[in-house]
Structure formats: C-alpha cells, structure tokens
Amino acid sequence: MSVSVRIPTILRTYTNGAAEVSGEGATLREVLEKLDADYPGIGARILDETGKIRRFVNVYVGEEDVRFADNLDTATPSGVQVSIIPAVAGG
C-alpha cells in the first residue's frame, strides 16, 4: 500500500530535504520500517530503543493520532497521509 509521509523540518536531513516522501506498508509499523530502510537513521529519531514511538513525537495516520488508535499497528490504507510531528516546547 502506497502512502505519503510528511517529514518535519528537523528530520529532513535524512530525506535530503524532502518534506514528503512515499512509503509502503499495510500498518504504520511497516511504513516506518520501509522509511528507515530508505532513509537510514530516521527510524531511531521516531522510535525509541524499545521500538515504541518516542514520547515527544506525535504520529498521525490521516487525521487520527495513532496513540488513540492501534499505535504502530494502525492500518495505513493506500493513499493515506502519515504525518510525523515532533512536540515543540518553549517557555
């Protein structure tokens, strides 16, 4: 299943500056595995050492926050947009 993945500015060094790349997989886990295979190192910025989405990274499949869906097992139907959004802090 082909999906589009929106890449935040901070991670675009991994995608040669591309703001959006193609991804493939039936689940978010598969999409992220393929993303890391195509752009080595990006996966470690999204997932922690236990394989879970990092605490300060939000991931959406379409309009749905995957933390309120099936996390990495969230389905990624063909044509859907996956958005990776790092949390921003300030004070």
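Residues numbered from 1 in each chain as written. Predicted model: local features only at pLDDT ≥ 70, side-chain atom pairs only at ≥ 80, totals over all residues. Heavy atoms only, no water.

Asker: Lay out the overall build of the chain in plain terms, naming residues and giving numbers.
Answerer: The number of helices and strands found in the chain is two helices and five strands. Starting at the N terminus and walking to the C terminus, you meet the elements of the chain as β-β-α-α-β-β-β. Judged by the C-alpha coordinates and their principal axes, the chain covers about 40 × 30 × 25 Å. Residues counted as buried form 35% of the 91 residues belonging to the chain. Intrachain contacts of the chain at a sequence separation of at least 6 include 52% that bridge at least 24 residues. Summed over its atoms, the accessible surface of the chain is roughly 5400 Å², and 50% of this surface lies on carbon and sulfur atoms. (Helix = DSSP H or I, 4+ residues; strand = E, 2+ residues; numbered from the N terminus. Buried < 20%, exposed > 50% of the residue type's maximum accessible area, 1.4 Å probe, protein only. Contact = heavy atoms within 4.5 Å. Areas by Shrake-Rupley, 256 points an atom, 1.4 Å probe, with all protein chains shown as cover.)

Asker: Tell me about unusual backbone geometry, and please be specific about residues and values.
Answerer: Although it is not a glycine, Asn16 adopts a positive phi angle of roughly 55 degrees. With respect to the helices and strands, Asn16 occurs in the loop between strand S1 (2–6) and strand S2 (20–24).

Asker: Break down the sheet that holds S1 for me, with residues and values.
Answerer: Spatially, the five strands line up as an open sheet ordered S2-S1-S5-S3-S4, and their pairing is mixed. Single-partner strands in this sheet number two, and they are S2 and strand S4 (64–65). Relative to S2, S1 is paired through five bridges, and the arrangement is antiparallel. The residue bridging Val3 from the neighbouring strand is Gly23, located in S2. In the packing of helix H1 (residues 28–38) onto the sheet, contacts are made with S1, S2, strand S3 (57–61) and strand S5 (81–86), and the angle to S2 comes to roughly 120 degrees. (Pairing = 2+ DSSP bridges. Axes fitted to C-alpha atoms, helices over the stretch in contact; angles between N-to-C directions.)

Asker: Pulling in residues and values, what's your account of H1?
Answerer: All of the buried residues along H1 are Leu28, Val31, Leu32 and Leu35. Projection of H1 onto a plane perpendicular to its axis shows the buried side chains occupying an angular sector of 95 degrees, all on one side. Of the exposed residues in H1, the ones pointing more than 90 degrees away from its buried face are Glu33 and Ala37. Those residues of H1 that are buried are in contact with S1, S2, helix H2 (42–46), S3 and S5. (Arc of directions from axis to C-beta.)

Asker: An account of the nonpolar core is needed here, citing residue identities and associated values.
Answerer: Residues Val5, Ile7, Leu28, Leu35, Ile46, Val59 and Ile84 are the most contacted members of the largest nonpolar core, which totals 21 residues. Of all the secondary-structure elements, those providing two or more residues to this core are S1, H1, H2, S3 and S5. Here the element with the most residues in this core is H1; it accounts for four residues. With sequence-adjacent residues up to four places away left out, Ile46 is seen in contact with Leu11, Leu32, Leu35, Lys52, Ile53, Arg54, Val57, Val59 and Ile84. (Core = buried A, V, L, I, M, F, W, Y, C linked by side-chain atoms within 4.5 Å.)

Asker: Residues and numbers for the side chain of Ser83, please.
Answerer: The topology assignment puts Ser83 in strand S5. Excluding anything up to four places from it in sequence, Ser83 contacts Arg6, Asn58, Val59 and Tyr60.

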